[in-house]
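Observations on the model geometry
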Amino acid sequence: MLILLSNNETINTNDLLYVDSGTEGKVYKYKDKAIKVYHDNLYKRILSYDDINRLKDINTRRIILPNNIIYKLDGDCGYYGGYESRYIKQDGNIYDYSKLDKDILLEEINILESDIKNISDANILLCDLNNTKNIIYNNGKVYFIDAGSYVFNKLGKYNTSNNNINEVGLSIKYHLFLLQNSCINIGKELVNNNLINIEDYSMEVFMLISNIYNLDFNNINDYNYLKHIKNILNKYNNIINYKKYLLDYYINKDSELLSDKGRCFLKERIKL
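This section reports on the structure supplied with the text.

Calculation criteria
- Residues numbered from 1 in each chain as written.
- Predicted model: local features only at pLDDT ≥ 70, side-chain atom pairs only at ≥ 80, totals over all residues.
- Heavy atoms only, no water.
- Salt bridge = Lys/Arg side-chain N within 4 Å of Asp/Glu carboxyl O.
- Helix = DSSP H or I, 4+ residues; strand = E, 2+ residues; numbered from the N terminus.
- Buried < 20%, exposed > 50% of the residue type's maximum accessible area, 1.4 Å probe, protein only.
- Pairing = 2+ DSSP bridges.
- Expected span 1.5 Å × (residues − 1).
- Arc of directions from axis to C-beta.
- Contact = heavy atoms within 4.5 Å.
- Phe/Tyr/Trp six-rings, centres within 6.5 Å; stacked < 30°, edge-to-face > 60°.
- Lys NZ or Arg CZ within 6 Å of the ring centre and 35° of its normal.
- Polar contact = N/O pair within 3.5 Å; in protein donor to acceptor, adjacent residues only side chain to side chain.

In the structure shown here, the tally under the stated rule is 14 salt bridges. One salt bridge connects Arg-54 with Asp-51, and the closest N-O pair in it is separated by 3.5 Å. Of this pair, Arg-54 and Asp-51 both sit in helix H1 (residues 49–55), three residues apart, which is roughly one turn of that helix. For Asp-51, a relative accessible area of 5% gives the class buried. One salt bridge connects Glu-189 with Lys-243, and the closest N-O pair in it is separated by 2.8 Å. A residue pair is termed long-range when its members are at least 10 positions apart, and Glu-189 in helix H4 (residues 183–192) and Lys-243 in helix H7 (residues 239–251) qualify at 54 residues. Accessibility assignment for this pair places Glu-189 and Lys-243 in one class, buried.

What follows is about the pairing of strand S3 (residues 17–21). Of the strand pairs in this sheet, S3 and strand S4 (residues 25–30) are connected by four bridges, and their pairing is antiparallel. Bridging from a neighbouring strand, Asp-20 pairs with Val-27 of S4.

In this model, H7 (13 residues) spans 18 Å end to end at C-alpha, consistent with the 18 Å of a helix rising 1.5 Å per residue. Among all positions in H7, only Ile-239, Ile-240, Tyr-242, Lys-243, Leu-246, Leu-247, Tyr-250 and Ile-251 are buried. Seen from one end, H7 has its buried residues packed into an arc of 155 degrees, which puts them on one side. In the core, the buried residues of H7 are packed alongside helix H2 (102–121), helix H3 (160–176), H4, helix H5 (203–218), helix H6 (225–236) and helix H8 (260–267).

In this section: the packing of aromatic side chains. Inspection of the entire model under this criterion finds eleven aromatic pairs. Measuring from centroid to centroid gives 6.0 Å for Tyr-49 and Tyr-80, while their planes differ by 85 degrees, and the two rings are edge-to-face. Highlighted residues: Tyr-49 in helix H1 and Tyr-80 in strand S7 (residues 77–86), separated in sequence by 31 residues. Ring-pair connections join several aromatic residues into one group, and the members of that group are Phe-177, Tyr-213, Tyr-236, Tyr-242, Tyr-245, Tyr-249 and Tyr-250. Over the aromatic face of Phe-152 sits the side chain of Arg-54, whose NZ or CZ is 4.0 Å from the ring centroid. Over the face of the ring belonging to Phe-177 we find Lys-243, whose NZ or CZ atom lies 5.3 Å from the ring centre.

Relative to the elements of secondary structure, Thr-60 occurs in the loop between H1 and strand S6 (68–74). Note: C-alpha distance between Thr-60 and Ser-114 (54 residues apart in sequence) is 7.8 Å. Beyond its immediate stretch of four places on either side in the chain, Thr-60 contacts Leu-65, Asp-115 and Ile-119. Here the side chain of Thr-60 touches Ile-63 through a polar contact of 2.6 Å, landing on its backbone oxygen.

Here it is in structure tokens:
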């Protein structure tokens, strides 16, 4: 398929580096650009031509937005066929981020909060950030890369700022605490931090630990997960120290969260 890029360059998608695909289209890499080319037959809402033109003028650093329109070419005709954005390479493992020093993660949260403000001021609602395909880790930085489900809050039914703070915070929570497709990642993190021997890890261990992690965040009344994570970092210096505290607290405390059998089961396996 021939497409026309923003610099008036015509290129065949067969000559591009394929990255991934989803319900909206296929994503390719070209130089420093990520190029999303929409499927011909779409069953999902996509960003409109006008949406792209409004999004591309918003200044963000970690929430990656479209910056140019591309056109599909059909003979002498061209029609709106997708968009360009900044390409971000994945070069980190999700379970390594719990060990990052607080100054790095606090700076990332500050940058995200600045992005949230700029996006909220433009009356845009962030959506679908929990999708594991939509978050990228690069050199200690956290990026949200797919704007395809973002919508303009035209009718004013939602508090845009609160929605976006909660949406980003919930996603950061899920990823830092490995609660999305997490069985393998929680196991890797426990083993890498010498908290369990690999032969002692099981689905039962995973279920008990994920319950502990979830309980902590379920008790946040204002749903401001970013604020909660900042408080954790300021007190415990990194996320893994806090996880060790939670495990120690619940494994050694008479709590309804864990039965006596569950506590004994983890005590025999988790090395605190």
